[in-house]
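Commentary on secondary and tertiary structure
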Amino acid sequence: MKPTRFPRPAFAAAGFALFLAGCVEDPRAVIDAMGRAYRTAEAYSDEGVVVVKETRGDVSSDVTFPFRVAFSRPDRIRIDAYDTRIAADGVTLRGAVGAVPGQVLTEPVKSPLSLDQIFADEAVQVALAEGEAGCPTQLPLLLADDTVELIVAGTTSPPRIEGRETVDGHACDHISIPKQDGVLELWIDRQDKILRRMKVPTEAYADELSRQAAAPVGISVVVDFTNAAFGAAIPPEAFAFEMPPGAAQVSRLEPLEPPSAVHRLVGRKAEWTTPLTTVDGEALDRKSLAGAPTLLDFFFEGCGPAAYSMPQVATGIADFSAAHARTHGGERPIVRHFAVSLDPADVPTAALRKTLAEFGGVGTLVRDPQGVLPQELALESFPVTVIIAADGTVADVITGRHGRIAADVAETLAAAEDGAAAAQRVRDRYARRLQEYRRDLDRAASGSTVERLPEQVIAPRRQPVRFKLERVWRAEGVSLPGNVVCIDAPHAAAPIVVALDGWRTVVELDAKGQGVGRHELPLPRDAGIAFLRTAVDQEGRRWWLGGRRGGQHVFVFSSDWKLHTTYPAPGGTTHDGITAAELADLDGDGTLEIVVGYLGTVGVQAASLDGRRLWRDRSVGSVADVAVGAPVEAGGAREVLCVTGDGRLVRADRSGGESEADDGRRESGPLQALRFGPVAPDAAWALLGIAGASLGKQSAVGIEPDSLATSWELPLGDGVHRDGPIDPVAWADLLGTSRRQWLIAAPDGSVTVAWADGRVVDRYQHGRPLVGIGGFRAGDRGHIVLATKDALEAFEVADVALD
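Residues numbered from 1 in each chain as written. Predicted model: local features only at pLDDT ≥ 70, side-chain atom pairs only at ≥ 80, totals over all residues. Heavy atoms only, no water.

**Structural notes on the overall build of the protein chain**
How we decide: Secondary structure elements follow DSSP: runs of H or I of four or more residues count as helices, runs of E of two or more count as strands, with numbering from the N terminus. The size measure is the radius of gyration over C-alpha atoms, and the globule rule it meets is 2.2 Å times the number of residues to the 0.38 power. Relative accessible area decides the class of each residue, using a 1.4 Å probe on protein chains only: under 20% of the type maximum gives buried, over 50% gives exposed, and in between gives partly exposed. Any two residues whose heavy atoms approach within 4.5 Å are treated as being in contact.
The number of helices and strands found in the protein chain is 13 helices and 49 strands. Relative to the compact-globule value of 28 Å for 803 residues, the protein chain shows a C-alpha radius of gyration of 30 Å, a close match. Overall, the protein chain is about 95 × 75 × 50 Å in size when its C-alpha atoms are taken along their principal axes. Of all 803 residues assigned to the protein chain, the portion counted as buried reaches 56%. If you take every contact in the protein chain between residues at least 6 apart in sequence, the share linking residues at least 24 apart comes to 59%.

Here you go:
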């Protein structure tokens, strides 16, 4: 039986109040110590979950939701709670909510980050506050000063220490706080003062359910803050936001609502019999308004949505005026704009002017306390804007507070100026948006939009069948392993492993795991590296490229890790973020180039090693990943493939024309990642992609380089990689055959070794989440290199028994 999803129970408010940890007999002192620990912590992270259990008679059920937070002062945060994802990387805050498909909230971070900014968007506020355990408790603990007072507010008797218990291996004080709707229980770490567990009061809600069901109903809501820790270094890529395929970046999340129907007055003459005047004494009737377009912008003091719609109306008028001036020798059009207040006559005009200013309205103020105009124009929904053409015809009636108001105003004014038939144009717009609305509903129903992040269920450790893996070394002194690159002969005198340690340091290891180099990267203060790429030029010099998803730049380093180039150059225009980059010789002349893919509208670009842009292709749109094809002879053109934001595969066009794309229709779902590698017979290059029909459902797919068609599909373990961003595909000669193999890391901690045609050699279950993967051959033995969040290890391939 599916557990009840609570609409907004009383205990959700209590869920907002939960915090502190201590080791004294006074429970209030323990709670106070917890509050101080959170407010003074420079960094915090956990893998929290909410477990809801419901019992009806002999039938019980439970369901688990994510409740995770990572935070680094002053302005970086990651929230995965219920069906809401929020990430702020110090520059941009992005958020997505399952109830608002296809949209990503995008706005600049205001440092230091506050609860006000996180909860400024109404859809985010509702999604987090009305979840099963209320707002994620970690947020007020970390960001608010009055959280402890909220925790102890409304108690029916003083808090009490129930005893000392162990949670997740930590000794905790178990504190009960009686409330009117039940008992709030906290388990606070005696040493670190971290909240390890919380049980939300549900007694009152359970009683109500029991009355409704005429039978006993039990409800339990417990939050486990698994692996909660203060101070642990958190790489900046943890605060990157994974854009859902095809999502639009918006300044406000707009829940799915059908478009407003075409108002019956559109295309007819606007008529009203009762004359009105502006507060400055100007007459407002059809005769006085003839000869120029007029906008009537209706509002009243309690109409909160007007604060969203009125600035958009002003923007639409300004956009139309600017466009008109560009095509009419700088001449600005005459547009009359009136802000019509429907407030009662006893509201002072000064108060209305203040309200209008607060709403961002700029029209001339008109008072209509009797609501004459709405009645005569048959207006029923507010806020509403009526646009009347110069000939007195109603050109448009725009209601609500959706994000297209400015564009609709500008378009309608332009159409009215050109004498276009208003009714048909507005009907066409309505039909188009109704179709978009139905499409979005279908996307939401099919799960192809923002979804709850599935749990990362790690498969138990298990050896492969056709070979055995024996650990041969674990790197010393690598505390925060990340992306791994393995260099094999002939490009190195001996195999070497290069790995990230944190986000600003690289380590170099020989085949035996001995450190041969450690380099602190000369990066800007707010920059970090989450992925590495490498290539060798015609003179045998090795170059490195590093970047991170969501970052503003990629960085090119020489073989001794001296910074050579920053691309794009510092100080340029801020963009939506880099998603992927490659380092390759694109035209076979032995000189390396940089290829960079971007979110948003920048597309894909290529640049020289010194940072000079060579070409760009904006037609690909938002880019999720890039891959460079097989090497070419001098004078050739090495192929650049892009995975778009909506999961299609596109050949970039470096000439500035339209890029060539597939239709994105793969049974395995939209593409998410792409990799070329010399794994086919005779060291020919093959193409492998990672695709997903829904979040957490992944497959490796073989792609024919010429046709871009899918040639095979290989399901991978479910879930999403949570311990950090990972390049999930590498290649190496593990088996001593004439062909190399793909190495594919799955979210469940497994590694699949496969041939170029998709046949599986074997699978190894590491038993831990992976953050890096690579492979190399030393002597007559292959090696797999695996990185987890706290270990970098190599495993030798032994006892190979192939068919």
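**Looking at the packing of aromatic side chains**
How we decide: When two rings of Phe, Tyr or Trp (its six-membered ring) have centres within 6.5 Å they constitute a pair, described as stacked for plane angles under 30 degrees, edge-to-face for angles over 60, and tilted for the intermediate range.
Here the structure, examined in full by the defined rule, presents 12 aromatic pairs. Taking 6.0 Å as the distance between ring centres and 50° as the angle between the ring planes, the aromatic pair formed by Tyr764 and Phe795 counts as tilted. Taken together, the residues Tyr764 in strand E46 (residues 760-765) and Phe795 in strand E49 (residues 791-798) connect sequence positions 31 residues apart. A single burial state applies to Tyr764 and to Phe795, both of which are buried. Aromatic ring contacts, followed pair by pair, group Phe65, Phe67, Tyr82 and Phe225 into a single cluster.

**A few points about the packing of helix H9 (residues 306-327) against helix H12 (residues 405-417)**
Spelled out, the test is: Here the axes come from fitting lines to C-alpha atoms, over the contacting stretch only for helices, and the angles between their N-to-C directions go from 0 to 180 degrees. Put simply, angles under 35 degrees are roughly parallel, angles over 145 are roughly antiparallel, angles from 65 to 115 are roughly perpendicular, and the rest are oblique. Note on convention: near helix rotated counterclockwise from far helix by under a right angle means a left-handed crossing. Clockwise means right-handed. Three categories are distinguished: nonpolar for Ala, Val, Leu, Ile, Met, Phe, Trp, Tyr, Cys and Pro, charged for Asp, Glu, Lys and Arg, and polar for the others, with Gly belonging to the last.
The interhelical angle for the contact between H9 and H12, taken along N-to-C directions, is 40°, at an axis separation of 7 Å. As summarised for this structure, H9 and H12 are arranged oblique, according to the angle between their axes. Relative to H12, H9 is oriented so that their crossing is right-handed. From H9, Ser309, Gln312, Val313, Thr315, Gly316, Ile317, Asp319, Phe320 and His324 reach across to H12, where they touch Ile405, Ala406, Val409, Ala410, Leu413, Ala414 and Glu417. Grouping the amino acids of the contact of H9 with H12 by side-chain chemistry returns 9 nonpolar, 5 polar and 2 charged.

**Topic: H12**
The condition that has to hold: Here the expected span of a helix is defined as 1.5 Å times the quantity of residues minus one.
Relative to the 18 Å expected for 13 residues at 1.5 Å per residue, H12 spans 18 Å between its end C-alpha atoms, a close match to the ideal helical length. Among the residues of H12, those classed as buried are Ile405, Ala406, Asp408, Val409, Ala410, Thr412, Leu413 and Ala415.

**Structural notes on the pairing of strand E44 (residues 741-745)**
Selection criterion: Between any two strands, pairing holds if DSSP finds at least two bridges.
Counted residue by residue, E44 has 5 buried out of 5 residues, so it is predominantly covered. Neither face of E44 is exposed, since Gln741, Leu743 and Ala745 on one face and Trp742 and Ile744 on the opposite face are all buried. Across 4 bridges, strand E43 (residues 729-732) lies against E44 in antiparallel orientation. Looking across to E44, one finds that Ala732 is bridged to Gln741. Examined bridge by bridge, E44 and strand E45 (residues 750-754) share 4 bridges and lie antiparallel to one another. The residue of E45 that forms the bridge with Trp742 is Ala754. Connecting E44 to the next strand, E45, in antiparallel fashion are 4 residues, including Gly749 with a positive phi near 85°.

**Some details on H9**
Over its 22 residues, H9 runs 32 Å from end to end, which matches the ideal 32 Å to within 8%, given 1.5 Å per residue. Taken residue by residue, H9 has Ala306, Ser309, Met310, Gln312, Val313, Ala314, Gly316, Ile317, Phe320, Ser321, His324 and Ala325 as its buried positions. Residues of H9 that are buried in the fold lie against strand E17 (294-299), strand E18 (336-341), helix H10 (349-359), strand E20 (384-388) and H12. Gly329, located one to two residues past H9, shows a positive phi value of around 65°.

**Some details on the pattern of salt bridges**
To be explicit about the condition: Think of a salt bridge as a Lys or Arg side-chain nitrogen and an Asp or Glu carboxyl oxygen that are within 4 Å of each other.
The tally for this structure, following the rule as stated, stands at 32 salt bridges. Here Arg196 and Asp192 are joined by a salt bridge, their closest N and O atoms 3.6 Å apart. With a relative accessible area of 2%, Arg196 lands in the buried category. Looking at Asp192, the relative accessible area reads 33%, which means it is partly exposed.

**What about the sheet that holds E44?**
With respect to topology, 4 strands assemble into an open sheet ordered E43-E44-E45-E46, the strand pairing being antiparallel. This sheet does not close on itself; its edge strands, each paired only once, are E43 and E46. Adjacent strand axes in the sheet meet at a mean angle of 20° when their direction is disregarded. The pairing of E45 with E46 spans 5 bridges and is classified as antiparallel.

**A look at the nonpolar core**
The nonpolar side chains of a soluble globular protein tend to be buried with one another. Applied cut-off: Nine residue types can take part in a nonpolar core, namely buried Ala, Val, Leu, Ile, Met, Phe, Trp, Tyr and Cys, and a core is a set of them joined through side-chain atoms within 4.5 Å.
Membership of the largest hydrophobic core comes to 59 residues, with the highest contact counts inside it found for Ile31, Val50, Ile77 and Leu195. Trp272, Leu296, Phe320 and Leu413 belong to the second largest nonpolar core, which has 36 residues in total.

**Things to note about the pairing of strand E8 (residues 160-167)**
Bridge count for E8 against strand E9 (residues 170-179) is 7 bridges, and the pairing is antiparallel. Looking at the pairing, Val167 lines up with His170 of E9. Counting the residues that bridge the hairpin from E8 to E9 gives 2 residues, and of these Asp168 lies at a positive phi of roughly 55°.

**Focus on the side chain of Arg367**
Under the convention used in this document: The charged-residue count follows a simple rule in which Lys and Arg add positive charge and Asp and Glu add negative charge, with His and chain termini not counted at all. As used in this structure description, the phrase polar contact means that two N or O atoms lie within 3.5 Å; if the pair is within protein, one of them must be able to donate a hydrogen and the other to accept it, and residues adjacent in sequence are counted only when both atoms belong to side chains.
Its location among the elements puts Arg367 in strand E19 (residues 364-367). No salt bridge is formed by the buried Arg367. Its closest oppositely charged neighbour is Asp346, at 6.2 Å. One polar contact links Arg367 to Thr349, side chain to side chain, over a distance of 3.1 Å. Arg367 has contacts with Leu276, Thr277, Val279, Ser341, Asp343, Pro344, Ala345, Val347, Pro348, Thr349 and Leu352, leaving out every residue within four places of it along the chain.

**A short note on the sheet that holds strand E21 (residues 394-399)**
Pairing is mixed across the open sheet formed by 5 strands, whose spatial order is E19-E18-E17-E20-E21. On the outer flanks of this sheet lie E19 and E21, each paired with one strand and no other. Direction aside, the axes of adjacent strands within the sheet are offset by 20° on average. Sheet strands in contact with H10 are E17, E18 and E19, and its direction is about 130° off that of E19. Contacting E17, E20 and E21, H12 crosses the sheet at an angle of about 175° to E21.

**Some details on unusual backbone geometry**
The omega torsion across Arg73 and Pro74 is 5°, close enough to zero to call that bond cis. The omega torsion of the bond from Phe382 to Pro383 falls at 0°, within 30 degrees of zero and hence cis. As for its placement among the helices and strands, Pro383 is situated in the loop between helix H11 (372-376) and E20. Phi at Asp682 takes a positive value of approximately 60°, unusual for a residue other than glycine. With respect to the helices, strands and loops of the structure, Asp682 is situated in the loop between strand E39 (671-677) and strand E40 (686-694).

**Side note on the environment of Glu417**
Here Glu417 is to be found in helix H12. For Glu417 and His324, which are 93 residues apart along the polypeptide, the C-alpha to C-alpha distance reads 9.7 Å. Excluding its chain neighbours within four sequence positions, the residues that come into contact with Glu417 are Phe320 and His324.

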